[in-house]
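# Summary of the model geometry
Now for the letters of each chain:
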Amino acid sequence: MSKLYCYCRRESDNRCMIFCELCTEWFHFECVGVVETNIPKGAWYCKWCERIRKVKSSLVKTFHDELVEVKADLTKKFNEEVAKVRAESNQQVCIQQEVQRLQQQVTVLLEEKRDLINQNKDKEYLLLQLKNKETAMVTSEQHNNELIEQISTLKQNFSQEKQQLQIALERSNKEYESAKIGLAEATLKLQSMETAMLAFEKEKHVLQQLSQDLNQEKQRQERDLEILAKENEELKEKLAAARKRGRLSLSQKI
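Nothing here was measured: the structure is a model prediction, and the numbers come from that model.

### Concerning the pattern of salt bridges
When the charged atoms of two side chains lie near each other, side chains of opposite charge can form a pair. What the rule picks out here adds up to 6 salt bridges. Two residues, D224 and R220, come together in a salt bridge whose shortest N-O distance is 3.4 Å. With D224 and R220 both in helix α2 (residues 47-253) and 4 residues apart, this pair spans about one turn of that helix. Its relative accessible area of 34% is what places D224 among the partly exposed residues. Residue classification places R220 among the partly exposed residues on the basis of a relative accessible area of 37%. By sharing partners, the salt bridges in this structure join E217, R220 and D224 into a single network.

### Some remarks on the UniProt feature "domain: PHD-type" (unreviewed entry) in the chain
Per the UniProt record, "domain: PHD-type" (unreviewed entry) is found at residues 3-52. Across residues 3-52, the secondary structure splits into 20% helix and 12% strand, with the terminal C-alpha atoms separated by 25 Å.

### Side note on a nonpolar patch on the surface
A cluster of nonpolar side chains, contributed by V206, L207 and L210, occupies part of the molecular surface with about 290 Å² of accessible area. Topologically, V206 is positioned in helix α2.

### Topic: unusual backbone geometry
Its identity is not glycine, yet C6 carries a phi of approximately 65°, on the positive side. Looking at where C6 falls in the secondary structure, it is placed in the segment before β1 (17-19). You can call C6 buried: its relative accessible area is 2%. Notably, R9 is not glycine yet its phi reads approximately 55°, a positive angle. One can find R9 in the segment before β1. Of the residues examined, R9 reaches a relative accessible area of 43% and is grouped as partly exposed.

### Observations regarding the nonpolar core
What tends to happen in soluble globular proteins is that the nonpolar side chains get buried as a cluster. Grouped together as the largest cluster of nonpolar side chains are 11 residues: Y5, C6, M17, I18, C20, F27, F29, V34, W44, C46 and C49. Excluding anything up to four places from it in sequence, F27 contacts C6, Y7, C16, M17, I18, C20, V32, W44 and C46.

### Here's the deal with the packing of aromatic side chains
In this structure the tally under the stated criterion is 4 aromatic pairs. Each ring, one from Y7 and one from W48, has its centre 4.8 Å from the other, and the planes form 65°; the classification is edge-to-face. Taken as a pair, Y7 in the segment before β1 and W48 in helix α2 lie far apart in primary sequence, 41 residues in all. With a relative accessible area of 22%, Y7 lands in the partly exposed category.

### Considerations on the domain arrangement of the chain
On domain assignment, one finds that the chain holds domain 1 (1-43) and domain 2 (46-113). Counting residues at the interface gives 5 residues for domain 1, matched by 6 residues for domain 2. Carbon and sulfur atoms make up 86% of the surface buried where domain 1 meets domain 2, a total of about 450 Å² over both sides. Together, Y7, C20 and L22 form the three largest contributors to the area buried by domain 1 at its contact with domain 2, with a combined 83%. Our count for the contact surface shared by domain 1 and domain 2 stands at 0 salt bridges. For the interface between domain 1 and domain 2, the tally reads 1 residue pair in polar contact (both at pLDDT 80 or more). Of the residues contributing to the side of domain 1 that touches domain 2, the split by class is 5 nonpolar, no polar and no charged.

About the cut-offs
Residues numbered from 1 in each chain as written. Predicted model: local features only at pLDDT ≥ 70, side-chain atom pairs only at ≥ 80, totals over all residues. Heavy atoms only, no water. Salt bridge = Lys/Arg side-chain N within 4 Å of Asp/Glu carboxyl O. Helix = DSSP H or I, 4+ residues; strand = E, 2+ residues; numbered from the N terminus. Buried < 20%, exposed > 50% of the residue type's maximum accessible area, 1.4 Å probe, protein only. UniProt positions renumbered as here; feature names shortened; annotations may be inferred. Patch = residues over 30% accessible without salt bridge, like charges linked within 9 Å, V, L, I, M, F, W, Y side chains within 5 Å. Areas by Shrake-Rupley, 256 points an atom, 1.4 Å probe, with all protein chains shown as cover. Core = buried A, V, L, I, M, F, W, Y, C linked by side-chain atoms within 4.5 Å. Contact = heavy atoms within 4.5 Å. Phe/Tyr/Trp six-rings, centres within 6.5 Å; stacked < 30°, edge-to-face > 60°. Domains from an automatic or database assignment. Buried area = accessible area lost by both parts, 1.4 Å probe. Polar contact = N/O pair within 3.5 Å; in protein donor to acceptor, adjacent residues only side chain to side chain. Nonpolar A, V, L, I, M, F, W, Y, C, P; charged D, E, K, R; others polar.

See the structure below:
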């Protein structure tokens, strides 16, 4: 079965035809009003597709216009919101600055209050000192009278102690003189003792020398005794040997 084309839904019959770029359909020249001497250049569209393109173009244009309007509205609203936010931000900054200023004022007022309290305390302290001074002046007169009495008493005691010290000083001078005499006597005794010690040292040295001589003599005598003991042993051995020889000779004679 042959393929059908165009609006007329007939075969090509080897007639000239044109191609629609949108619906991809072939159309006869005479059916679409195209002549061979005036063939359109570029893309060609049938009447149905042309209507579709126009409607589509209109819709696209309408959509584009609406999109532009919406974008403009959104931009306007966004700018308004940004302006509001900036205004609110500026207002918040102003409020913060005002709060800081008020805080600074409160701080200054508190410092002034502290200064006033300190000044009041200083004044109270000065008044208290004045009262204390007045009380001290009243009591100082009484104290001065007491001091005068104490000074007079101290003078009397001092004179008495001075007399006692003079007596004690005289006594100590006498004791010093007697101690000085005793020291001289002790010095003489010490010198005599030193002389005696020197003599004792000399005698001790002589005795040590004699002791050494006696020890040497004792050692010499001990050596002599040892020699005599050895000689005595030798004599005993010789005597025993002689007796033994005499017995042997006697037994031989018998």
